[in-house]
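Chain by chain, the residues:
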Amino acid sequence: MPDSTTSVSAASATPPADPPVADRRPVTATHHGRTRVDDYEWLRDRDDPAVTAYLTAENDHTRARTAHLADLRQTIFEEIRSRTRETDLSVPTRSRGYWYYGRTFEGREYGATCRVPVSDESDWTPPRPDEDCAPDQPALPGEQVLLDLDALAAGHDFFSLGGSAVSLDGRLLAWSTDTTGDERFTIRVKDLESGEALDDVITGVLGGATWAPDGGSFYYSTVDETWRPDKIWRHVLGTAQAYDELVHHETDGRFWVGIGRTRSDRFLQVVSGSKTTTEVRLLDSRDPDRGLWLFAPRREGVEYGVEHAVIGGEDVLLVLHNHTGPDFELATAPVAPTEAEEWRPLLPHDPSVRLEDVDAFAGHLVVHQRSRGLTQLRLLTLGERGVDDDFLVAFDQEIYTVGSAGNPDYHSPVVRLGFTSLSVPASVYDYDVAARELTLLKRTPVLGDFDPADYEEHRLWATAPDGEQVPISLVCRRDAHAAGPVPLLLYGYGSYEASSDPGFSIPRLSMLDRGAAMAIAHVRGGGELGRRWYDDGKLMRKTNTFDDFVACAHHLVEAGWTTPDRLVAEGASAGGLLVGAVANRAPGQFAGIVAGVPFVDNLTSMLDSSLPLTVAEYEEWGNPEADPEVYDYLASYAPYDNVGPVDYPPILAETSFHDTRVLYVEPAKWVARLRATATGRREFLLRTEMSAGHGGVSGRYQAWHDRAFTLAWILDRMGLA
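Worth saying up front: this structure is predicted, and the values here are computed from it rather than measured.

Rules used throughout
- Residues numbered from 1 in each chain as written.
- Predicted model: local features only at pLDDT ≥ 70, side-chain atom pairs only at ≥ 80, totals over all residues.
- Heavy atoms only, no water.
- Salt bridge = Lys/Arg side-chain N within 4 Å of Asp/Glu carboxyl O.
- Helix = DSSP H or I, 4+ residues; strand = E, 2+ residues; numbered from the N terminus.
- Buried < 20%, exposed > 50% of the residue type's maximum accessible area, 1.4 Å probe, protein only.
- Disulfide = S-S within 2.5 Å.
- Pairing = 2+ DSSP bridges.
- Axes fitted to C-alpha atoms, helices over the stretch in contact; angles between N-to-C directions.
- Parallel < 35°, antiparallel > 145°, perpendicular 65-115°, else oblique.
- Left-handed = near helix turned anticlockwise from the far one by under 90°.
- Contact = heavy atoms within 4.5 Å.
- Nonpolar A, V, L, I, M, F, W, Y, C, P; charged D, E, K, R; others polar.

1. Considering the pattern of salt bridges
Applying the stated criterion to the full structure yields 62 salt bridges. Two residues, Glu79 and Arg514, come together in a salt bridge whose shortest N-O distance is 2.9 Å. In this pair, Glu79 sits in helix H2 (residues 70-83) while Arg514 sits in the loop between helix H4 (506-512) and strand S36 (517-521), placing the two residues 435 residues apart along the sequence. Looking at Arg514, the relative accessible area reads 26%, which means it is partly exposed. Notably, a salt bridge pairs Arg254 with Asp252, separated by 3.3 Å at the nearest N-O pair. Among the charged side chains, a network of salt bridges with common partners joins Arg36, Asp38, Glu41, Arg44, Asp601, Asp641 and Lys669.

Shown next as structure tokens:
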């Protein structure tokens, strides 16, 4: 890159190849006797014209520096599009007398949601829509379009459907939309019999609506000044939002609050939760005058969730909890306030199996669990005396992801599940519980000559510096590795006990089919190997996450899969913190780094309790404002604070101006400091979507263009452009 630079104040006159330079405006802060100087905190003021000028200059610079990839980007976009069935339908899902499904249409960004009445109450086989029907024709006889998402998105640069919920009697639809990307939604209501929208409009909502059993009101949540969901409201149709009833207010700044309904429809649940503690209140539709009642009071470190079930003819509450062990136990309790000591084990705690969720149906229970790093579905059949049998739904793949989804009907005799792997597209099955038979209903079509058999998947293990074995999931074409090391993309996340389970991606084929491999480093801080795996990668053990990722990179090189000059790292959000920290720790290990909406200025964020989500994050990262030891620990690894005069690999940082989870200022400051401090190549690009939120751009075609941009940059770093 040229050495000449131009101040951001003259960004409009900057030659395209010259990187913009942010002004240094030092701000000094002292915590626990430690002084910290920040030259770029001024970039936080989104209303300052100099800030938008800087972001615009960075976008212009990124566009200029990647101009040579324009043809490749377009080629990748066309590859994604040509492999995707643009006019398609989802498998219908049954709920309360209707089959619900989604439709997509060639040339349209968002699609539509539809339903048809159930014609035979005894037949649980989903109807087969006409996949070749014209967009203006019904895919099934009697089709009713609930929401035309493209019509709702018209005139907006950004559009997101927060949720849609049909009242229990099937007459009304409440849906919510966000048209800026800040994840604050507006709820509207549609009369499904007349097709007309009601006058009710509820603004400033987080997510969507939950209907009350009477169908004349619904519940929703709002946030406080730090954007923490803290209040649950009840809205009566036909009244103004100003008259909505405050149902519950969570005053502890560490806790969020949400509302939902049990699958049986008997109970509404108001759940307060922090990173380590849970509290549930219930509203019984059989006794609504009682109001909300507390099931079990919060107890520090005890997490639990409840679900209503009928076992052996008795109404019980299923309690999934960690009171008896970190990997959770499934217990039962009476439909009454019950302390943890009184919960009766149904599936006792097993340190080799992490229980993650439970779904209750009239005839069976579905337990979501993981063991040995893989997801599993476990079924418990119910009879007159209780649980009749307990077994796993088996699959033959070495590595895969399976989960139950699309099962809203409590009386369903089948389990709808999803299956995927790094080489097998997302597949929808129905599992007949009585017959123990799987029926494939649909596999996401991949057009062209795609064949899963052309790809190979591997589970590898890397050794971390402390001796821990870290799993890696890898995919490549069968012929790619025969001649030796290949270019490789290594992805990681490693926070919040969120597991990066293997799944299929059509855009990824554009990389694999050019001879590259892709791997997932299942680092500590995630949940792949149980609660211990998470605990070993958070708070004062967070650096294990980074050590694990570097160990995975070293293993892939030492095992002959790749070489450092063709190895690219990628992570997003907290995964952006991961790759940002790794850039400081092992800059010579990678040919490039992609950091999406990266949490790279985490020390600054965690020092400011007024910022969105900070207080709730103390149990993940610690509180550096209150504890000098935590301050020093975060300061030792924070990517922004540890930028040094070293030769970093090229870095592409991608962010969104309206992101409310990881503010745009974090990657903006990071790139500014990298450019001012690093030695050697100094190839740093910042790309800011000005009409998007934490999840990036909206609309599938926009998302394809967005991913094509990133993949082209990755392929260029691999030497495959």
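2. Quick word on the state of the cysteines
Here, the word disulfide means a covalent bond between the sulfur atoms of two cysteines. Considering all chains together, one arrives at zero disulfides under this definition. A disulfide-free cysteine, Cys133 has its sulfur positioned 9.2 Å from the sulfur of Cys114, the nearest such atom.

3. Topic: unusual backbone geometry
Excluding glycine, most residues fall at negative phi; most peptide bonds, likewise, are trans. Unlike most non-glycine residues, Glu183 shows phi in positive territory, near 65°. Along the chain, Glu183 falls in the loop between strand S11 (172-178) and strand S12 (185-191). In this structure, Arg372 takes a positive phi of about 55° despite not being glycine. Mapping Arg372 onto the fold places it in the loop between strand S26 (364-371) and strand S27 (374-383).

4. Digging into the sheet that holds strand S15 (residues 229-236)
Either a parallel or an antiparallel arrangement is found when strands of a sheet pair, and the pairing is made through backbone hydrogen bonds. An order of S10-S11-S12-S13-S14-S15-S16 is seen for the seven strands of this open sheet, with the pairing classed as antiparallel. Two strands in the sheet have a free side with no partner beyond their single neighbour: strand S10 (160-166) and strand S16 (245-249). Averaged over all pairs of adjacent strands, the angle between their axes in this sheet comes to 30°, without regard to strand direction. Note that strand S13 (residues 197-211) and strand S14 (residues 217-223) share three bridges and pair antiparallel.

5. A closer look at the packing of H2 against helix H12 (residues 700-718)
Running from amino to carboxyl end, H2 crosses H12 at an angle of 130°, the nearest separation of the two axes being 8 Å. With respect to each other, H2 and H12 are oriented oblique. As H2 packs across H12, the resulting crossing turns out to be right-handed. Packed against H2, whose contacting residues are Leu72, Arg73, Gln74, Ile76, Phe77, Ile80 and Arg81, the element H12 presents Tyr701, Trp704, His705, Ala708, Phe709, Leu711, Ala712 and Leu715 at the interface. Tallied by class, the residues present in the contact of H2 with H12 amount to 11 nonpolar, two polar and two charged.

Read these as geometric descriptors, not functional statements.
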